[in-house]
Amino acid sequence: MPDVEIPLEKWTGKVKEVKIGGGGRKEVVVGGESTLPFLAFESSNPNPPKIAIEVHDKEPTTWAAPLLSAWGDAVKDPGTWAKKAVEFGADLICLKLLSAHPEGGNTGPAEAKASVEKVLSAVDLPLIILGPGVAEKDNEVITAASDAAKGQRVALGNCEEKNYRTIGAVCLSDGHIAIAKTPLDINLCKQLNIMLSDMGVPADSIIMDPDTGALGYGIEYGYSINERVRLAALGGDAMTAFPILNHAGGEVWRQKEARASDGVPDAWGDLEERSIIWEAVTATSVINAGCDIVVMCHPKAIERIKSTIEKLTGK
Amino acid sequence: MSRFIATSAIRGATSAVEQADTMLQDALKELGPDTPIRFTDTVGGGTVYYLPTIYGLLGSKVETLGDLVPVMEHAKSLVPPVPRENLWLPYLGETLDAGAATLYAFETIEGVRFAKGEQPEKKNGFEFNGPINDAQMRSWGIQMVDGRMPGFAALVGAAKSNEVAVKIVRELQSRGQLIFLCSTSNGRSIVDQLQEEGVDMGYDTFIVPFGSDTISAIYALGFATRAALSFGNIEPGDFRKILLYNKFRCFAFVLALGPVDDLKYAAAAGAINYGFPVFADTVIPNILPTGVTRFEHVVSMPFDDIEGKDDLEKAERLVQRCVELRGIKIKIAKVPIPVAYGPAFEGEVVRRADLAVEFGGKGGMCFEWLRMKDLDEIEDGKIEVIGPDMDSFEEGSKHPLAILVDVAGRKMQKDFEPVLERQIHHMTNGAEGISHQGQRDITWIRMHKNAIAKGFTLRHLGDILHACMHNDFGAIVDKVQVTLYSDPAKVEELIEEARAVYKERNARMAGLTDEAVDTYYSCTLCQSFAPNHVCVINPERVGLCGAYSWLDCRASFEINPNGPNQPVPKGKVIDETLGEWEGVNNFVYEHSNKNIERFTVYSLMDAPMTTCGCCECVMAIIPEANGVMIVSRDDYGMTPSGMTFTTLMATVGGGLQTPGMMGHGKIYITSKKFIPVEGGIKRIVWLSQNLKEELAEELKEACEREGVPDLIDKMADGSTVTTVDELLPFLEEKGHPALTMDPIM
């Protein structure tokens, strides 16, 4: 075989490294890429993608059957749930304070604080803490969560266009990391990063969630936005050069393909295997497009994605 | 700088430093250098920021009396000599140094008092708060950073009367401003006044009484310093960053009530270091130029000279003025009208049968006119109705109406008038049961019976405009006043004035040429679906969606400096005729993800603008006819290019640069800079029929301007021609100029 010279892309930009954890807690470093994912021959991407496992502050009532059977009784308590997530190989815990949703319990700062403390004392993994996704409630409970986790450098979210200032402020005050979430739009993504930076949030304390859909529900948008953001970062745009987080699990498990066993064509096959594949494929797609932290739910899907990452990084 | 203020402040600083030094020396002898100092408030809440002002500005951690010795040495070195009688200097630097020395002296004095157990102060059974604890600072700090709380007002001294004191505090509270209290004037303190009137003070009511003397004002600056350290990501000792942080992010000010003595001047100089302006309700010299503070430094507003029918109104105006001078913006959470408000109601139609009353429209007279005024010319929130209102209008009747919106703002520009005025349409349409069409003197407003039944009156139009102008354009608008004239004689009189202004604006727009500016604007709003598309908008070409003119972009950039409209400096000319500049090329290259390397403003054939998905029209060359055709989005028919609008869009859209094809706005067709390289309007051989009708007047004017007054009749349209085979005979028969022009390719 003749010698073939492999063409190498020379990038000028580099993604910022962000360290989550510390203060007695395990540390995880994400970001730091200087080329596209898994191109080890081109340049070194020092930190392979990490898996965060989703934990809720209240027992999920509408979860799909395959998830409930995989987690069993652990989902009744966030501390127990988090411990089990460690067994299932989580690099980080993503605690969602869903009980604060006005239509899902409307709990307040005190409950948020208690849940955070429970998870903090149950496990030593670094934490991502998200509010219920209603700006006003997010501000309320994330402010309390931030206080409870002071000194342990957690990632807090979501900072969105409407409420980035409050969460940005508590991140500054308590030394945490801000998760900047925008709806599948590179300009809005960049704009939010600029606004957080203008507030004084340091570059090593921002993680972007540019959003994604599940397989069959807009994964191509998720893939393409990740890729574009990353290409811009590698091209030298400092305001897109932050690590990327995607919610592969949350997106997949809402969809029919991960939930329905009756009334679907036989060709769809067994629900459990199908739903696991659905989550694994979604997660594989986003990490191939530049995702640094993929938030997932099913232990078997997590097992598969971890093995994929190992193969792709040659470790 | 006022020599008087400089002298007073320096004298005040000198005595403060002397007092602090004496107290420190005595305490060192009495208690020893190892005596600990820890700031706490009255409930025992403390701080991890040591003595925060000293820690923040100097980086020194004061934990004991002995730690204060080097601080005092530094303070002494800062105090400048008192200016001599006959020597005039700018003094600003000296005064600010004196201010800084005063702050160190004040904090040292409080530190010594803490060491001796004399703080927080107790006086006549009243417990002052002392320094704010860290937990409270964090909670308020978050609100200051996220904008819920603008900043704080430090009230120093005593108000004219108890009722004025209460009014000032209530007015500040209603604006979400934190209130800090300290000091006395003529033996009285605002703390006494509020206490006598039974006003609750404390963290819960956002009113914090620091102490009975001027020295306790240091707790306000300690609070500001900690906020900067905590939320500004600033290292202790980086005094410059701390001061800048407060100048730009903490909307605080000092309001001196009653006479101002040397010590207060010295403290004021300290506050000015932080960018906090100082206002006084007595006669003191003004320091109006801006610099250390964002706007005026020191403003005197003698209480009795303030306009107002009584003291309460004067107090209200005093606070209003302070808020304006500090540049605090107003947000209105809910539009205060009796009907629902929101984007869902924008498309509503009010039918004949439901019509309560209408203004303008066919045979009517209704116009809107937004004017820029000086800040002191208008009163924010003032809404007046002059003439009859709903109660005297017959059902279904038509009336004249004039809507005059006066706005003032430090960043307002005359050129933004039409930009804001055009928003009236969108703003008023948001109200349920109100429909608005047109603009300027062709405005047509219809109101639904249900809206009137719910209590909607003319003044509510003013309420809508006041709220929306503040909320949407707060970056450039500080004050909004609305006057609605329904008195027919008045409307007739004003409409002439307004028309003269419209004319002036038209002339200004006509004079606004590409050559007259050195900066164009970009629009990347569409990059979410056309990732590589960049609109470059010059004065003589609107964005291809037709919605953004050069002026709109300029205003949009003022409002949102990180938004989709960025200035594009033209830079060095590469080719004047083609309209190619280095600056524009660089910008487009960077913002098209490095896809578009060359970009010309004046050519269709050579590196034309890219097209996204929302252009109003597409033009394409017809080589056989040596010209171009233009099809509009509203035209569903076939065109001589063999493609419909939709098919053409599929070819040209998505951010592609396609020589010979380009998306553009309707009004661009009549621009003097319509594809000048290819010969301008004379190249148009085919035009959608609806464009011919819609732009009839402007097209006529443009054709006359180009010396081809009968050109419109020579252009084919969809009613007669839909194929190239039909087009050529048509053009030959009409003698279209394109046929004899230089080859387009």
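Predicted model, so just to flag it, every value in this text is computed and none were measured.

### Some details on the overall build of chain B
Right, so step 1: Counting its secondary structure elements, chain B contains 23 helices and 25 strands.
Right, so step 2: Considering only C-alpha atoms, chain B reaches an extent of 110 × 65 × 50 Å along its principal axes.
Right, so step 3: The burial tally for chain B puts 50% of its 745 residues in the buried class.

### A look at the overall build of chain A
Right, so step 1: Each helix and strand in chain A was counted, giving 10 helices and 10 strands.
Right, so step 2: Relative to the compact-globule value of 20 Å for 315 residues, chain A shows a C-alpha radius of gyration of 19 Å, a close match.
Right, so step 3: The proportion of buried residues among the 315 residues of chain A is 52%.
Right, so step 4: Look at the contacts in chain A between residues 6 or more apart in sequence, and 70% of them connect residues 24 or more apart.

### Remarks on helix H21 (residues 696–705) of chain B
All names here are of chain B.
Right, so step 1: Inspection of H21 places Leu 699, Ala 702 and Cys 703 among the buried residues, and these make up the whole buried set. For H21, the buried positions fall inside an angular range of 100° around the axis, keeping them on one side. Of the residues in H21, the exposed ones pointing more than 90 degrees away from the buried face are Glu 697 and Glu 704.
Right, so step 2: Looking at the residues trailing H21, positive phi occurs at Gly 707, about 80°.

### Quick look at the environment of Phe 253 of chain B
All names here are of chain B.
Right, so step 1: Take Phe 253: it is sitting in strand E6 (residues 253–257).
Right, so step 2: Given 26 C-beta atoms within 10 Å, Phe 253 falls into the buried group.
Right, so step 3: Spatially, the C-alpha atom of Phe 253 lies 42 Å from that of Ile 434, the residues being 181 residues apart in sequence.
Right, so step 4: Those residues in contact with Phe 253 that sit more than four places away from it in its chain are Ala 153, Phe 276, Pro 277, Phe 279, Cys 322 and Arg 326.

### Quick word on the environment of Thr 513 of chain B
Residues and elements named next belong to chain B.
Right, so step 1: Residue placement: Thr 513 occurs in the loop between helix H16 (488–511) and strand E17 (519–523).
Right, so step 2: Here Thr 513 falls in the exposed class, since 12 other C-beta atoms lie within 10 Å of it.
Right, so step 3: For the pair Thr 513 and Ala 158, spaced 355 residues apart in sequence, the C-alpha separation works out to 58 Å.
Right, so step 4: With residues up to four places along the chain from it excluded, the contact list for Thr 513 reads Pro 539 and Glu 540.

### What about the sheet that holds strand E15 (residues 444–448) of chain B?
Residues and elements named next belong to chain B.
Right, so step 1: Pairing within the open sheet is mixed, and its 4 strands lie in the order E12-E9-E15-E14. Looking at the sheet topology across the chains shown, the edges are occupied by strand E12 (397–399) and strand E14 (434–437). Neighbour-to-neighbour, the strand axes of the sheet open up by a mean angle of 15°, direction not taken into account.
Right, so step 2: Relative to E15, E14 runs antiparallel, the two sharing 4 bridges. By the bridge assignment, Ser 435 is partnered in E15 with Arg 446.

### Some remarks on the pairing of strand E16 (residues 479–485) of chain B
Residues and elements named next belong to chain B.
Right, so step 1: For E16, the buried fraction is high: 6 of the 7 residues fall into the buried class.
Right, so step 2: Here 4 bridges tie strand E11 (residues 383–386) to E16, and the two strands are oriented parallel to one another. Paired with Val 385 across the strands is Leu 484, a residue of E16.
Right, so step 3: Pairing geometry for strand E13 (residues 401–408) and E16, over 7 bridges, is antiparallel. Bridging from a neighbouring strand, Ala 408 pairs with Lys 479 of E16.

### Observations regarding the domain arrangement of chain B
All names here are of chain B.
Right, so step 1: Domain assignment breaks chain B into domain 1 (3–122), domain 2 (150–220 + 237–325), domain 3 (343–504) and domain 4 (516–740).
Right, so step 2: Across the boundary between the two partners, domain 3 contributes 7 residues, which contact 5 residues of domain 4.
Right, so step 3: Residue classes in the side of domain 3 that touches domain 4 are distributed as 5 nonpolar, no polar and 2 charged.

### A short note on unusual backbone geometry
Right, so step 1: Geometrically, the link from Gly 157 of chain A to Asn 158 of chain A is a cis peptide bond, its omega value of -5° lying close to zero.
Right, so step 2: Here Asn 158 of chain A lies in strand E6 (residues 155–159).
Right, so step 3: Cis geometry marks the peptide bond from Gln 119 of chain B to Pro 120 of chain B; its omega dihedral reads -10°.
Right, so step 4: Of note, Pro 120 of chain B is situated in the loop between helix H4 (92–115) and strand E1 (122–123).
Right, so step 5: Positive phi, close to 55°, is recorded for Tyr 50 of chain B, a residue that is not glycine.
Right, so step 6: Within the secondary structure, Tyr 50 of chain B is located in the loop between helix H1 (3–31) and helix H2 (52–58).
Right, so step 7: The phi dihedral of Ser 183 of chain B is positive, around 70°, even though this residue is not glycine.
Right, so step 8: Of note, Ser 183 of chain B is situated in the loop between strand E4 (178–182) and helix H7 (190–196).

Analysis parameters
- Residues numbered from 1 in each chain as written.
- Chains lettered and ligands numbered in written order.
- Predicted model: local features only at pLDDT ≥ 70, side-chain atom pairs only at ≥ 80, totals over all residues.
- Helix = DSSP H or I, 4+ residues; strand = E, 2+ residues; numbered from the N terminus.
- Buried ≥ 20, exposed ≤ 12 C-beta atoms within 10 Å, placed from the backbone.
- Rg over C-alpha atoms; globule rule 2.2 N^0.38 Å.
- Contact = placed C-beta atoms within 7 Å.
- Arc of directions from axis to C-beta.
- Pairing = 2+ DSSP bridges.
- Axes fitted to C-alpha atoms, helices over the stretch in contact; angles between N-to-C directions.
- Domains from an automatic or database assignment.
- Nonpolar A, V, L, I, M, F, W, Y, C, P; charged D, E, K, R; others polar.

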